[in-house]
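Commentary on secondary and tertiary structure
Here is how the chains run, residue by residue.
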Amino acid sequence: MKRFKTYLGLTLLIPSLTYAGNLSSICTELQNSPQGKPSKSLDQKLNDKALLGQLRNALKSSAEIRDALCIVSSAKKSELLEDVLHIPYENLKPEVFSTLYALRTDQNQSAIETQAFNWIKDPSSEGITLRVVGSLNLLAMLKSIAKIDLLSPLFSSQNTDIKIRAYEYFFHHYSDYSKKDRQPLLKTALTGQPYQLRIAAIEHYRTLSEDEKNIFRAELVQCKKDPIVEVREECP
């Protein structure tokens, strides 16, 4: 009898262990399927009632989270939006942000934006580069306009990746900000550090109207005297 109970226990464990191992294969099937036309067998897997629970568990597992995000994103499992929004910092991956974008609707975009803003504002240093840069990329895809107050600390960040991405986001939405906000920031960027920021600022400068370009004459004089040859080569 004892041996029977042990065997029965192992038998009951097999489906969950096997299913967890299948997340990778489901992801691969989804990626290889014609868009919007999963096979009958794949459709059955995606509609299996056990799948949501498996995905929820996998979203908490550093080993399985990428496969879970692949399925949530490709199959548009909007039931798991809250689970994705609250993935802990130590498990954040670039795919988290692309999954949130894939799940967005008119009804839930506000909740996604709010979490992105919270990720940016959080002073925690844990996973800060991925968290902030990923959030800025997500907001750009959502066409969301972050307030200057939210971006200001990023413009002076000692983290080069964060600083440059914040300015790139600002340049992308430049015309959405008032002249009193945007023009001083562009002046700062045209003479700022690191030199890659100055190059990005020059590239944006070229997109301005002739009237607005005239405001930055002094900065362009400095550009032509820049100690970095790559910057001088970009000077208009």
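Moving on to the domain arrangement of the protein chain. Domain boundaries in the protein chain define domain 1 (52-144) and domain 2 (147-236). Inter-centroid distance (C-alpha atoms) of domain 1 to domain 2 is 30 Å. Between domain 1 and domain 2 the total buried area reaches about 980 Å² when both faces are included, carbon and sulfur atoms providing 75% of it. A per-residue breakdown of the area domain 1 buries against domain 2 is headed by Thr129, Leu136 and Ala140, which together make up 42% of the total. Counting across the domain 1 and domain 2 interface gives zero salt bridges. Of all the secondary-structure elements, those providing two or more residues to the side of domain 1 that touches domain 2 are helix H7 (109-121) and helix H8 (128-141). Among the elements that make up the side of domain 1 that touches domain 2, the one with the highest residue count is H8 (eight residues). Among the residues forming the side of domain 1 that touches domain 2, the class breakdown is eight nonpolar, three polar and two charged.

It is worth spelling out the nonpolar core at this point. Judged by nonpolar contacts, the single largest core of 68 residues is most densely connected at Val96, Leu100 and Phe170. Residues from two domains meet in this core; each of domain 1 (52-144) and domain 2 (147-236) gives at least three. Aside from chain neighbours lying at most four places away, what touches phenylalanine 170 is Ile148, Phe155, Tyr177, Arg182, Leu185 and Leu186.

This structure, assessed with the given rule, holds nine salt bridges. Where glutamate 212 meets arginine 182, a salt bridge forms, and the shortest distance between an N and an O atom there is 3.2 Å. Of the two residues, glutamate 212 sits in helix H13 (residues 210-213) while arginine 182 sits in helix H11 (residues 179-190), which places them 30 residues apart along the sequence. Each member of the pair, glutamate 212 as well as arginine 182, is classed as buried. With its nearest N and O atoms 3.5 Å apart, the salt bridge here joins arginine 206 to glutamate 234.

This next bit is on unusual backbone geometry. For the bond running from glutamine 193 to proline 194, omega is 0°, close enough to zero to count as cis. Structurally, proline 194 is set in the loop between H11 and helix H12 (195-205). In this model, lysine 76 sits at a positive phi of 50°, which is unusual for a non-glycine residue. Relative to the helices and strands, lysine 76 is located in the loop between helix H4 (65-74) and helix H5 (81-85).

Between H11 and H12, the shortest axis-to-axis distance is 7 Å and the interhelical angle comes to 130°. With respect to H12, the axis of H11 lies oblique. Here Leu186, Ala189 and Leu190 of H11 come into contact with H12, specifically with Leu197, Arg198, Ala201, Ile202 and His204. Of the residues that constitute the contact of H11 with H12, the class distribution is six nonpolar, one polar and one charged.

Bringing the environment of leucine 80 into the picture now. With respect to the helices, strands and loops of the structure, leucine 80 is situated in the loop between H4 and H5. Given the relative accessible area of 0%, leucine 80 is considered buried. With 26 residues separating them in the primary sequence, leucine 80 and glutamine 54 have C-alpha atoms 11 Å apart. Ignoring any residue separated from it by four or fewer positions in sequence, one finds leucine 80 in contact with Leu52, Leu55, Arg56 and Val72.

Before going further, it helps to examine the state of the cysteines. One covalent bond between the sulfur atoms of two cysteine residues makes up a disulfide. As enumerated under the stated definition, the model contains two disulfides in all. The partner cysteine of cysteine 27 in its disulfide is cysteine 70, sulfur to sulfur 2.1 Å. On the S-S bond that ties cysteine 27 to cysteine 70, the torsion sits near 95°, and the link is right-handed. Of this pair, cysteine 27 sits in helix H1 (residues 2-32) while cysteine 70 sits in helix H4, and the two are 43 residues apart along the sequence.

This part takes up the environment of proline 184. For proline 184, the location among the structural elements is in helix H11. Residue classification places proline 184 among the partly exposed residues on the basis of a relative accessible area of 42%. Taking the C-alpha atoms as reference, proline 184 lies 9.6 Å from phenylalanine 216; in sequence the two are 32 residues apart.

Procedures and definitions
Residues numbered from 1 in each chain as written. Predicted model: local features only at pLDDT ≥ 70, side-chain atom pairs only at ≥ 80, totals over all residues. Heavy atoms only, no water. Domains from an automatic or database assignment. Buried area = accessible area lost by both parts, 1.4 Å probe. Salt bridge = Lys/Arg side-chain N within 4 Å of Asp/Glu carboxyl O. Helix = DSSP H or I, 4+ residues; strand = E, 2+ residues; numbered from the N terminus. Nonpolar A, V, L, I, M, F, W, Y, C, P; charged D, E, K, R; others polar. Core = buried A, V, L, I, M, F, W, Y, C linked by side-chain atoms within 4.5 Å. Buried < 20%, exposed > 50% of the residue type's maximum accessible area, 1.4 Å probe, protein only. Contact = heavy atoms within 4.5 Å. Axes fitted to C-alpha atoms, helices over the stretch in contact; angles between N-to-C directions. Parallel < 35°, antiparallel > 145°, perpendicular 65-115°, else oblique. Disulfide = S-S within 2.5 Å.

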